[in-house]
Amino acid sequence: MDVFSLRDSIIGEYRKFATSFTTIHAEDIRQQVEKIYAEGRFWPDPLLQINPSYKRGANIEALVAARALDPRTAAIFRADGAPLSLYKHQEQAIALASQCESYVVTTGTGSGKSLCFFIPIVSAVLAEKRPGATKRTRAIIIYPMNALANSQLEELDKFVANVQGDRPVTFARYTGQEDSEERRHVAENPPDILLTNFMMLELLMTRQDELDRKVIGNCAGLRFLVLDELHTYRGRQGADVALLVRRVRERLSPRVAPALLLHEG
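Residues numbered from 1 in each chain as written. Predicted model: local features only at pLDDT ≥ 70, side-chain atom pairs only at ≥ 80, totals over all residues. Heavy atoms only, no water.

A. Representation of the overall build of the protein. When helices and strands are tallied, the protein shows 11 helices and 10 strands. Here the C-alpha radius of gyration of the protein, 25 Å, is well above what a compact globule of 265 residues would show, namely 18 Å. Each principal axis of the C-alpha distribution contributes one length, and for the protein these read about 85 × 45 × 30 Å. By the burial criterion, 38% of the 265 residues in the protein qualify as buried. A fraction of 73% describes how many contacts in the protein between residues 6 or more apart in sequence connect residues 24 or more apart. Of the accessible surface of the protein, which amounts to about 15600 Å², a share of 52% is contributed by carbon and sulfur atoms. Taken together, the 34 basic and 33 acidic charged side chains of the protein have centroids lying 6 Å from each other. (Helix = DSSP H or I, 4+ residues; strand = E, 2+ residues; numbered from the N terminus. Rg over C-alpha atoms; globule rule 2.2 N^0.38 Å. Buried < 20%, exposed > 50% of the residue type's maximum accessible area, 1.4 Å probe, protein only. Contact = heavy atoms within 4.5 Å. Areas by Shrake-Rupley, 256 points an atom, 1.4 Å probe, with all protein chains shown as cover. Lys, Arg positive; Asp, Glu negative; His and termini not counted. Charge placed at Lys NZ, Arg CZ, Asp CG, Glu CD.)

Next up, the structure:
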């Protein structure tokens, strides 16, 4: 496909459509209007964009060998049967998370920002879970829209499905889309990772409903708090989310602050 010819065709059709509404009989006015149209003010020049080539880093097995990740992480994060290859910014994020440091990821579309927090969270869950130990939620991921939570739920499921048998890591959505039976299941079977939105997390912190109180109670000792698409929280909403983060840290991890992973698209 010749994208430039396609663009010219689309603009040509739009030009005919836009100029078909009026007939200007005054010669001097018609000349001025035609001159403006000829300058292309109403249809922009072609926009050329090139996807950047992100710097490559180590693969999952190399990080496992370096003891930066739990050994079982390599069986989960695979693509086409091979260990997942990482970009440098993903490798750096994993290193920071292993040191319980907070960080912000700011990089382009298609650069695997979600893996910057999914991989270290899964690794930490695998390392900390013990047979017979009380189930609890170790990570909360906050999304600005339910559609993103639904999409990421499918993405996480795709990776965990690489392991046969019982799931080594559990996760669930709690965004207000769930019926009472689903809510009860999350409350009675705490997932390792909870996907929600900031409004629902606010409600979980303030509601007196028995199920909601149990869900948030299962998050005591929270290890990770992630804000996906951080740049969407602006103005008053940004202030509300900032206060919510403070309340979450105070209530769920009063002595040891959770590793706060901030993710910007």
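That covers the picture; the talk isn't over yet.
B. The arrangement of the packing of aromatic side chains in detail. Enumeration according to the criterion identifies 4 aromatic pairs in this entry. Between the aromatic rings of Phe 77 and Phe 159, the centroid separation amounts to 5.1 Å while the plane-to-plane angle is 45°, which identifies the pairing as tilted. Of this pair, Phe 77 sits in the loop between α4 (73-76) and β2 (78-79) while Phe 159 sits in helix α7 (residues 146-160), placing them 82 residues apart in sequence. Just as Phe 77 is buried, Phe 159 falls in that class too. Seen from their ring centres, Phe 117 and Phe 118 are 5.0 Å apart, and the 55° between their planes marks the pair as tilted. Given a relative accessible area of 2%, Phe 117 falls into the buried group. Taking the ring centre of Phe 159 as reference, the NZ or CZ of Lys 158 above it sits at 4.9 Å. (Phe/Tyr/Trp six-rings, centres within 6.5 Å; stacked < 30°, edge-to-face > 60°. Lys NZ or Arg CZ within 6 Å of the ring centre and 35° of its normal.)

C. Layout of the packing of helix α9 (residues 198-206) against helix α11 (residues 235-252). One can describe the packing of α9 onto α11 by two numbers: an axis separation of 11 Å at closest approach and a directional angle of 45°. In terms of axis orientation, α9 runs oblique to α11. Here α9 runs over α11; the crossing is left-handed. Of the residues in α11, those touching α9 at Phe 198, Leu 201, Glu 202, Leu 204 and Met 205 are Gln 237, Val 241, Leu 244, Arg 247, Val 248 and Arg 251. When grouped by side-chain class, the residues that make up the contact of α9 with α11 number 7 nonpolar, 1 polar and 3 charged. (Axes fitted to C-alpha atoms, helices over the stretch in contact; angles between N-to-C directions. Parallel < 35°, antiparallel > 145°, perpendicular 65-115°, else oblique. Left-handed = near helix turned anticlockwise from the far one by under 90°. Nonpolar A, V, L, I, M, F, W, Y, C, P; charged D, E, K, R; others polar.)

D. Main features of helix α2 (residues 27-38). With 12 residues, α2 ought to run about 16 Å at 1.5 Å a step, and its terminal C-alpha atoms sit 16 Å apart, in line with that. Two residues or fewer past α2, Gly 40 is found with a positive phi of approximately 75°. (Expected span 1.5 Å × (residues − 1).)

E. Summary view of the confidence of the model for the protein. When pLDDT is averaged along the protein, the result is 88, and 95% of the positions lie at 70 or above. The lowest-confidence element of the protein is strand β10 (residues 259-264), averaging 56 in pLDDT; the highest-confidence one is strand β8 (residues 193-197), averaging 96. (pLDDT = per-residue confidence, 0-100.)

F. Broad picture of unusual backbone geometry. Even without glycine at this site, Asp 80 takes up a positive phi of about 55°. As for its position among the elements, Asp 80 is in the loop between β2 and β3 (82-83). Overall, the relative accessible area of 86% leaves Asp 80 in the exposed class. Within the chain, Glu 229 stands out as a residue other than glycine whose phi angle is a positive 55°. Locating Glu 229 in the fold gives a position in the loop between β9 (224-227) and α11.

G. Examining a nonpolar patch on the surface more closely. A contiguous nonpolar patch, built from Met 1, Val 3, Phe 4, Leu 6, Ile 10 and Leu 48 and spanning about 690 Å² of accessible area, is present on the exposed surface. Given the relative accessible area of 39%, Leu 6 is considered partly exposed. (Patch = residues over 30% accessible without salt bridge, like charges linked within 9 Å, V, L, I, M, F, W, Y side chains within 5 Å. Salt bridge = Lys/Arg side-chain N within 4 Å of Asp/Glu carboxyl O.)

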